[in-house]
Amino acid sequence: GVAIIYGAMAMFWFVGIHGPSIVEPAVTAIYIANIEANLQLVQAGEQATNILTHGTSYFVATLGGTGATLMLTAMFAFMAKSKQLKALGKTSFIPVLCAVNEPVLFGAPIVLNPIFFVPLLTPIFNVWIFKFFVEVLGMNSFIYTLPWTTPGTIGLILGTGFAGLSFVLAPLLLVIDFAMYYPFFKVYDAQLVE
């Protein structure tokens, strides 16, 4: 279910439609109820296990905006040989850090760019890893709702109430996102240089 929700957000964006605006109205009531339930579980001394929350959307699935583009923007800024991608990365890194990634979605572009179709599945992998951390390793899910513009890894740590494993999960998600985008970034960068 979470794969469908977060995969749909990315797929809508791929064709130029604001995915969260289409998908989130259907699940926002669940997000809010799950945050409340998670907080009550923690206050009762139990583990917060409800995965589907605003925090999962903002700080796990869409780390850096829909498509989990934070690491892609860093690659643009610091690894690109193309002047276009280097300039785009430098100017959009701070906004993307705060989940405003439209400059990258339309500037690279990622929207309607077949090279970036496969890595748009990154949010699905992020959520599956988060689910593993909660259900298998026993990490608390999100117990607080934070503004969506909170920088991603900070939002993950704060939103889970400083869960110990969140300090492991945050950098792990960045590594996974880097690995997902890197080969496609290299191909696109080489095309632009050529």
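Residues numbered from 1 in each chain as written. Predicted model: local features only at pLDDT ≥ 70, side-chain atom pairs only at ≥ 80, totals over all residues. Heavy atoms only, no water.

1. Let's talk about the packing of aromatic side chains
Using the following cut-off: The criterion for an aromatic pair is that two Phe, Tyr or Trp rings (for Trp, the six-membered ring) have centres within 6.5 Å, with stacked assigned to planes under 30 degrees apart, edge-to-face to planes over 60 apart and tilted to the rest. Runs of H or I in DSSP of at least four residues are treated as helices and runs of E of at least two as strands, each being numbered from the N terminus. Whether a residue is buried, partly exposed or exposed follows from its accessible area with a 1.4 Å probe, protein chains only, as a fraction of its type maximum: under 20%, in between, or over 50%, in that order.
All told, the structure shown has 13 aromatic pairs when counted by the stated rule. A ring pair is formed by F59 and F142, whose centres lie 6.2 Å apart and whose planes are at 40 degrees; its orientation type is tilted. Highlighted residues: F59 in helix α3 (residues 54-61) and F142 in the loop between α7 (122-135) and α8 (152-159), separated in sequence by 83 residues. Among the residues examined, F59 registers a relative accessible area of 1% and is labelled buried. Look at F142 and you get buried, because its relative accessible area is 0%. When the centroid spacing of 5.4 Å and the interplanar angle of 75 degrees are considered together, the rings of F116 and Y188 count as edge-to-face. Taken together, the residues span a long stretch of sequence, with F116 in the loop between α6 (102-107) and α7 and Y188 in helix α9 (residues 166-193) at a distance of 72 residues. Look at F116 and you get buried, because its relative accessible area is 0%. An aromatic cluster is built from Y58, F59, F130 and F142, whose rings are joined through pairwise contacts.

2. Some points on helix α2 (residues 19-43)
Structurally, the α-helix is built with 3.6 residues per turn, so residues lying three or four positions apart point the same way. As a reminder, the rule being used: How far a helix is expected to stretch is found by multiplying one less than its residue total by 1.5 Å. The seven residues ending at a residue and the seven starting there each receive a fitted axis; the angle between those axes is the bend at that residue. Between two residues, a contact is recorded if the distance between any of their heavy atoms is within 4.5 Å.
The end-to-end C-alpha distance of α2 is 34 Å, a good match for the 36 Å that 25 residues give at a rise of 1.5 Å each. Maximum bend of α2: about 55 degrees, positioned at P25. Every buried residue of α2 is accounted for by G19, P20, V23, E24, V27, Y31, N34, I35 and N38. Close packing links the buried residues of α2 with α1 (2-14) and α3. One or two residues past the end of α2 sits G45, with phi positive at roughly 85 degrees.

Everything listed here is a matter of coordinates, which is why it stays silent on function.
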